[in-house]
Amino acid sequence: MAIRNIREQGEEILGKVCKEVAELTERNVILINDMLETMYEADGVGLAAPQVGILKRIVVIDVGDEHGPYIMINPRIVESSGEQTGNEGCLSVPGKTGIVTRPDYVKAVYLDEKFEPAEVEGTGLLARAICHELDHLDGHLYVEKVEGPLMDVAPLDDDYEEE
Ligand code: NI
């Protein structure tokens, strides 16, 4: 496994739409393992492939619950409801945080690390993480959705921050 370089806001690749993954090649397995290692090394709770410069629909999420880490290939949100408003951050926007409103519940379907169909239902932080990471796959950063100013980071324990 290897730590990969995290791309930052302003780099063109973060604005691109990622491609579906057609098969679980050895290259993709290595990418997933590297994404996990890179996320943990950066103390993050989520990371999307374009953040390490790869335009594939893969995200990893670990919000510290008993079911994680979630390795999500070709993920899709199929249900969402409710609303939560809170702080968000991103490893690609270091040192910053902002207030974003997201659904409070989402259900997502995806292929897991064995390329088998899986689904997850998330509330609270997990729902926020799924929304945030899936946005990356379509070239969107949370800063586009921020309510009010982007602030210098002063994290609280229950904030969602990739970093
Ligand atoms: Ni992010």
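For the structure itself, look to the data block above.
Residues numbered from 1 in each chain as written. Predicted model: local features only at pLDDT ≥ 70, side-chain atom pairs only at ≥ 80, totals over all residues. Heavy atoms only, no water.

J.: Can you walk me through the sheet that holds strand 8 (residues 147–152) in this structure?
T.: The antiparallel open sheet is built from three strands, whose spatial order is 4-5-8. Whereas interior strands pair on both sides, the edge strands pair on one side only; in this sheet they are strand 4 (84–88) and strand 8. Taking each pair of neighbouring strands and ignoring which way they run, the sheet shows an average axis angle of 25°. Packing against the sheet, helix 2 (residues 124–137) makes contact with strand 4 and strand 5 (96–102), and its axis sits at approximately 65° to strand 4. (Pairing = 2+ DSSP bridges. Helix = DSSP H or I, 4+ residues; strand = E, 2+ residues; numbered from the N terminus. Axes fitted to C-alpha atoms, helices over the stretch in contact; angles between N-to-C directions. Contact = heavy atoms within 4.5 Å.)

J.: How do you make sense of the pairing of strand 7 (residues 117–123) when you look at a structure like this?
T.: Within a regular strand, the side chains alternate between the two sheet faces. Both strand 6 (residues 105–111) and strand 7 contribute to a ladder of seven bridges, which runs antiparallel. Note on strand 7: the bridge partner recorded for Lys107 is Glu121. Taking the residues that link successive antiparallel strands as the turn, the strand 6-strand 7 hairpin has five residues, and the phi of Phe115 there is positive, at about 65°.

J.: Would you mind going over the nonpolar core with me for this structure?
T.: Soluble globular proteins tend to bury their nonpolar side chains together. Within the largest apolar cluster, 17 residues are counted, with the highest numbers of intra-cluster contacts made by Val59, Ile61, Tyr70, Met72, Val120, Leu126 and Ile130. Counting residues per element, the ones that place at least two in this core are strand 2 (58–61), strand 3 (70–81), strand 6 and helix 2. When residues in this core are grouped by element, the largest group, seven residues, is from helix 2. For Met72, the contacting residues outside a window of four places in its chain are Arg57, Ile58, Val59, Ile61, Ala108, Tyr110, Leu111 and Val120. (Core = buried A, V, L, I, M, F, W, Y, C linked by side-chain atoms within 4.5 Å. Buried < 20%, exposed > 50% of the residue type's maximum accessible area, 1.4 Å probe, protein only.)

J.: Help me understand the side chain of Asn28 in this model?
T.: Among the structural elements, Asn28 can be located in helix 1 (residues 26–41). Given the relative accessible area of 3%, Asn28 is considered buried. In terms of polar contacts, Asn28 uses its side chain to reach the side chain of Lys56, at 2.5 Å. Aside from chain neighbours lying at most four places away, what touches Asn28 is Val21, Glu23 and Lys56. (Polar contact = N/O pair within 3.5 Å; in protein donor to acceptor, adjacent residues only side chain to side chain.)

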